[in-house]
Amino acid sequence: MKRDLAALNPRRILVCQQRQIGDALLVTPALELLKRRFPQAGLHLFTEAKCEPLLRGNPHIDRFVLLNKRQLRGLWAQMAWYRRVAAAGYDLVVDFQQLPRCRMLTRFSRAGVRLSFPAPWHRFGLYTHTVRPEPGYAAAAKVSLLAPLGIAWRGERPRIYLTDDERARARALLAALGLREGQRLVSVDPTHRRASKRWPAARYAGLLDRLGEARPDLRFLLLRGPGEDDEVRALRAACARPQHILLPDGAPDLRLSAACMAEAALHLGNCSAPRHMAVALNVPSLVIPGASGPEWTYPDPRHVELRPGLPCAPCSRAACPQPRCLTLVSVDEAAEAALRLLDAPASPGAPREASGR
């Protein structure tokens, strides 16, 4: 018989969300609600080192357990690392992914309560409690695993906590790139490693041209990741007004990119981490998701997807010979949706940015 968790009072909690950057950001509502439910407990988060920057400064995380794969080469090094982490003495482990390293940490922890979603038969006994996640927005689905703890989602959005210094650095960078007082910033994420989730670059260029014609005060910040310099430079060159396209010489780090996005009136892009960053920073967003499912969209009219009604969608495929979910989204449709979001009133009662320390 499963233990009733109504009276659980853990001293230390380990949450396992190993990757990716966007998914780690989507776990922040669960962390907030866990800390609210157990304010006296030390809350530790296991994640990969690349995810930590966007979570840095989060007041609901007491300690990071960071994975650096290069430092864990060899079986004995890995076993020693699992033992060191488990020595913290966790009473509650919440595994949101069931990846191999998440499972190993759960096993080594020997926590009295080990909570996750239903596991295959060969993992029998690894988790003391399992919950089938509720369908819908991904962050809310994560929170639904916490139902045995008396925790429910009430619309909490992901959060990024920026410092005043980071915001000042972002404003200085944007000013150096040419953003002037009275001009409005739009952040643009035009790249994606999967072709099935990448709206054509020519359409992004057409969209930025169309928006620039309709709103001459707009300036566009192109975001990019490692190895995407040539793509964004080609996009800027294809625009009719390249002088309105802001492109730093080198890609800013995640924290500085987030601080720049916090200055934006709108975010445009594909289905990748920046769309979740926009939600976390309370910036309206327009996304062309392609093959991605609707579960990545925060349920708020200020966050819009352009998704043609196709019987094959969403397929989540990495590649498609005829990605109509992308090609059926026209520049005109995207421009009209973007202008509606730009003209909409700000969300009442919500801060423009998540507060930092």
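See the structure shown above.
On a predicted model such as this, the values are computed, not experimentally measured, just so you know. (Residues numbered from 1 in each chain as written. Predicted model: local features only at pLDDT ≥ 70, side-chain atom pairs only at ≥ 80, totals over all residues. Heavy atoms only, no water.)

Help me out: how do you make sense of the pairing of strand β2 (residues 42-48) in this one?
In the case of a regular strand, side chains alternate between the two sheet surfaces. Burial analysis of β2 places 7 of its 7 residues in the buried class, the great majority of the element. Alternating residues of β2 divide into Gly-42, His-44, Phe-46 and Glu-48 and Leu-43, Leu-45 and Thr-47, and every residue in both groups is buried. Strand direction decides the pairing type here: strand β1 (residues 12-16) and β2, joined by 5 bridges, are parallel. Residue pairing across strands places Ile-13 opposite Leu-43, the latter belonging to β2. The sheet contact formed by β2 and strand β3 (residues 63-67) spans 5 bridges and is parallel. Its bridge partner being in β3, Glu-48 is matched across the sheet by Leu-67. (Buried < 20%, exposed > 50% of the residue type's maximum accessible area, 1.4 Å probe, protein only. Helix = DSSP H or I, 4+ residues; strand = E, 2+ residues; numbered from the N terminus. Pairing = 2+ DSSP bridges.)

Looking at this structure, how should I read the sheet that holds strand β9 (residues 245-246)?
Note: strands within a sheet are paired through backbone hydrogen bonds, in either parallel or antiparallel orientation. The strand order across the open sheet formed by 6 strands is β9-β8-β7-β10-β11-β12, and the pairing between neighbours is parallel. With partners counted over all chains shown, the strands left at the sheet margins are β9 and β12 (303-305), one partner each. The pairing of strand β11 (residues 285-287) with β12 spans 3 bridges and is classified as parallel. Each bridged residue has a counterpart across the sheet, and for Ser-285 the counterpart in β12 is His-303.

Would you mind showing me how to read the environment of Leu-162 here?
By the secondary structure assignment, Leu-162 is in the loop between α6 (138-144) and α7 (164-177). Overall, the relative accessible area of 0% leaves Leu-162 in the buried class.

Could you clarify how one ought to interpret unusual backbone geometry in this entry?
Across the chain, the bulk of peptide bonds are trans and the bulk of non-glycine residues have phi less than zero. The step from Arg-19 to Gln-20 runs through a cis peptide bond, and the omega angle for that step is -15°. Looking at the secondary structure, you find Gln-20 in the loop between β1 and α1 (21-26). Cis geometry marks the peptide bond from Ala-313 to Pro-314, where omega comes out at -5°. Looking at the secondary structure, you find Pro-314 in the loop between β12 and α12 (324-327). Backbone geometry places Gln-98, a non-glycine residue, at a positive phi of 60°. Along the chain, Gln-98 turns up in the loop between β4 (92-95) and α5 (100-109). Overall, Gln-98 belongs to the buried group, its relative accessible area being 4%. For Arg-110, which is not glycine, the phi torsion reads 55° and is therefore positive.

I keep staring at the state of the cysteines and nothing clicks. Help me out?
Two cysteines form a disulfide when their sulfur atoms are joined by a covalent bond. All chains considered together, the criterion is met by 0 disulfides. For Cys-51, which is in no disulfide, the shortest distance to another cysteine sulfur is to Cys-102 and amounts to 11 Å. Among the cysteines around Cys-102, which has no disulfide bond, Cys-16 carries the closest sulfur, lying 4.8 Å off. Looking at Cys-102, the relative accessible area reads 0%, which means it is buried. (Disulfide = S-S within 2.5 Å.)

Please explain the packing of α7 against helix α10 (residues 254-261) as it appears in this structure.
For any two helices packed against each other, the geometry is given by the interaxial angle and the distance between the axes. Orientation of α7 relative to α10, taken along the N-to-C sense of each, is 75°, at an axis distance of 8 Å. It follows from the interaxial angle that α7 and α10 lie roughly perpendicular. Together, Glu-166, Arg-167, Arg-169, Ala-170, Leu-173 and Leu-174 of α7 and Arg-255, Leu-256, Ala-259 and Cys-260 of α10 make up the contact between the two elements. Class assignment for the residues of the contact of α7 with α10 results in 6 nonpolar, no polar and 4 charged. (Axes fitted to C-alpha atoms, helices over the stretch in contact; angles between N-to-C directions. Parallel < 35°, antiparallel > 145°, perpendicular 65-115°, else oblique. Contact = heavy atoms within 4.5 Å. Nonpolar A, V, L, I, M, F, W, Y, C, P; charged D, E, K, R; others polar.)

Looking at this model, I keep getting lost on the sheet that holds β1. Mind explaining?
Sheet architecture is open: 6 strands sit in the order β3-β2-β1-β4-β5-β6, paired in parallel fashion. Of all the strands in the sheet, the pair left with one neighbour each is β3 and β6 (129-130). Bridging between strand β5 (residues 113-116) and β6 involves 2 bridges; their strand directions are parallel. Residue pairing across strands places Leu-115 opposite His-129, the latter belonging to β6. Of the strands in this sheet, β1, β2, β3, β4 and β5 are in contact with α5, which crosses β4 at around 165°.

It is worth stressing that arrangement in space is one thing and function is another; only the former is reported here.
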